[in-house]
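The residues making up each chain are set out below.
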Amino acid sequence: MGRILVSDDPRYNEERGENLGCFGMFECDNDPEAAHRLLDAAAGWLRRAAGRPSAVRSDYSLNYPCGLLIDGFDTRRGS
């Protein structure tokens, strides 16, 4: 089991002439197969939903707007 955050920032790409998506907040059991499935799912979403051929790691910080998920951990979104 694990989780990964995937994001797309069209404005960033437009301003910098890039075509990249981002992923971060990656955590996973000590299971290489599960890690590969998570990373493959993230890359697949970026290709399908945002048209991004590749992704870079981006760990988010308090310099970005923050939120707190208090409910819905068992709900799949964005698939």
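Everything quoted here is computed from the prediction, not taken from an experiment.

1. Section: the overall build of the protein chain
When its secondary structure is counted, the protein chain shows 2 helices and 3 strands. A burial count over the protein chain gives 19% of its 79 residues as buried. Pairs at least 24 residues apart make up 62% of the contacts formed inside the protein chain by residues separated by at least 6 positions. Just so you have it, the protein chain exposes about 6,500 Å², and 51% of that area is on carbon and sulfur atoms.

2. Describing the pattern of salt bridges
Per the stated rule, a full pass over the model turns up 5 salt bridges. Close ionic contact of E15 with R11 constitutes a salt bridge, the shortest N to O distance being 3.0 Å. Separated by 4 residues within a single helix, E15 and R11 lie in helix α1 (residues 10-16), roughly one turn from each other. For the pair shown, E15 and R11 are each scored as exposed. Note that E33 is salt-bridged to R37, the shortest N-O span being 2.9 Å.

3. Some words on helix α2 (residues 32-50)
With 19 residues, α2 extends 26 Å between its outermost C-alpha atoms, agreeing within 8% with the 27 Å of an ideal straight helix rising 1.5 Å per residue. Within the span of α2, buried status applies to A34, A35, L38, A42, G44, L46 and A50. Where the residues of α2 are buried, they touch β1 (2-7), β2 (20-28) and β3 (54-57). Capping the start of α2 is the job of one residue whose side-chain oxygen sits 3.1 Å from the backbone nitrogen of E33: D31.

4. Some details on the side chain of N13
As for its position among the elements, N13 is in helix α1. Those residues in contact with N13 that lie beyond four places of it in its chain are D8, E18, N19, L20 and R52.

5. Comments concerning the pairing of β2
Bridging between β1 and β2 involves 5 bridges; their strand directions are antiparallel. Counterpart to G2 in the pairing with β2 is C28. Pairing of β2 with β3 involves 4 bridges; the strand directions are parallel. Residue F23 lies in a different strand from β3, and its bridge partner there is R57. Regarding the hand of the β-α-β motif, the stretch spanning β2, α2 and β3 is right-handed.

How each quantity is defined
- Residues numbered from 1 in each chain as written.
- Predicted model: local features only at pLDDT ≥ 70, side-chain atom pairs only at ≥ 80, totals over all residues.
- Heavy atoms only, no water.
- Helix = DSSP H or I, 4+ residues; strand = E, 2+ residues; numbered from the N terminus.
- Buried < 20%, exposed > 50% of the residue type's maximum accessible area, 1.4 Å probe, protein only.
- Contact = heavy atoms within 4.5 Å.
- Areas by Shrake-Rupley, 256 points an atom, 1.4 Å probe, with all protein chains shown as cover.
- Salt bridge = Lys/Arg side-chain N within 4 Å of Asp/Glu carboxyl O.
- Expected span 1.5 Å × (residues − 1).
- Polar contact = N/O pair within 3.5 Å; in protein donor to acceptor, adjacent residues only side chain to side chain.
- Pairing = 2+ DSSP bridges.
- Right-handed = clockwise from strand over helix to strand, strands pointing away.

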